[in-house]
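Analysis of the macromolecular model
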Amino acid sequence: MMQKTDDSLTANDKSNALMQSIKQYKEIVEGDESFTEKGEAWYLMGQAYRQLADFKKAFTCFKKAAAHDYSEAFAMAGDAYMNGHGVEKNPAKARLWYKKGADLGEITATLKLADCYKNGIGGKVDYPKAMEQYMHLAERTGRFWNRYSDSIGIALYEIGNMYLNGLGVPVNLKNAVRYFKLAIKKGNHDAENALKAINP
């Protein structure tokens, strides 16, 4: 008789726990809970399906969460279109979903929208709009925003890159160095490498 490994038990246990969570989230969305609670439940159900690699169900849940104005769901729906998870790959639709999330102030969606503008993903390259989105994130300061320091650090790094390479702005090494230093304070290692390349 073959004995199961700890890894297979762990995966099976994880799958069972996720299915149990999905059952609880379904009870919430079908119940009398508030509009906001239902949005969060749809989002968490989408995350559970995503962990189970059932991307089609995850995408459906993220769309329903977005319909309940759950801001993080917009980035997840955009990612589904970007990567073709549960839906046909469509960078233009991904960009639209990121825009909707960014319009609500969602950090991840804003960062991904800026990347779309900068790299011409799902539409034309638009450096001024990319800079606008990165700056929108860079302006987030204070204790509340500390939990988003990784994303803000990426935005600061990207602003530095835009100044370094003259993308939509004149080349300005002083500004590039300034933004790289700010990104480093947020723990961005790419900014450290960029700064070392400028000042060997």
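See the structure shown above.
Sequence order sets the numbering: in each chain, residues are counted from 1 along the sequence as written. Residue-level local features of this predicted model are given only where pLDDT is at least 70; pairs of side-chain atoms are given and counted only at 80 or more, and the full residue set underlies all totals for whole chains, interfaces and linings. Think of the side-chain values as coming from all heavy atoms in the structure, minus any hydrogens and water.

**Some remarks on the overall build of the chain**
Secondary structure elements are defined from DSSP: runs of H or I of at least 4 residues count as helices, runs of E of at least 2 residues count as strands, and each element is numbered from the N terminus. Looking only at helices and strands, the chain features ten helices and zero strands. In the chain, the succession of α and β elements from N to C terminus is α-α-α-α-α-α-α-α-α-α. Seen through its principal axes, the chain has C-alpha atoms that stretch 65 × 45 × 35 Å. The cut-offs for exposure are 20% and 50% of the maximum accessible area for each residue type, with area from a 1.4 Å probe on protein chains only; residues under the lower value are buried, those over the upper are exposed, and the others partly exposed. Buried positions account for 40% of the 200 residues belonging to the chain. Each accessible area is a Shrake-Rupley result for a 1.4 Å probe, and residues are judged covered by the shown protein chains and nothing else. As displayed, the chain has an accessible area near 11700 Å², and 50% of this comes from carbon and sulfur atoms. Computed over 28 positive and 24 negative side-chain charges, the separation of the two mean positions in the chain equals 6 Å. Positive charges come from Lys and Arg alone, negative charges from Asp and Glu alone, with His and the N- and C-terminal ends not counted. The atom standing in for a charge is NZ when the residue is Lys, CZ when it is Arg, CG when it is Asp and CD when it is Glu.

**Focus on the pattern of salt bridges**
Any Lys or Arg side-chain nitrogen found within 4 Å of a carboxyl oxygen on Asp or Glu counts as a salt bridge. One pass over the full model with this rule turns up four salt bridges. Note that Lys 57 is salt-bridged to Asp 54, the shortest N-O span being 3.8 Å. Here Asp 54 falls in the partly exposed class, since its relative accessible area comes to 26%.

Treat this as a map of the structure, not an account of what it does.
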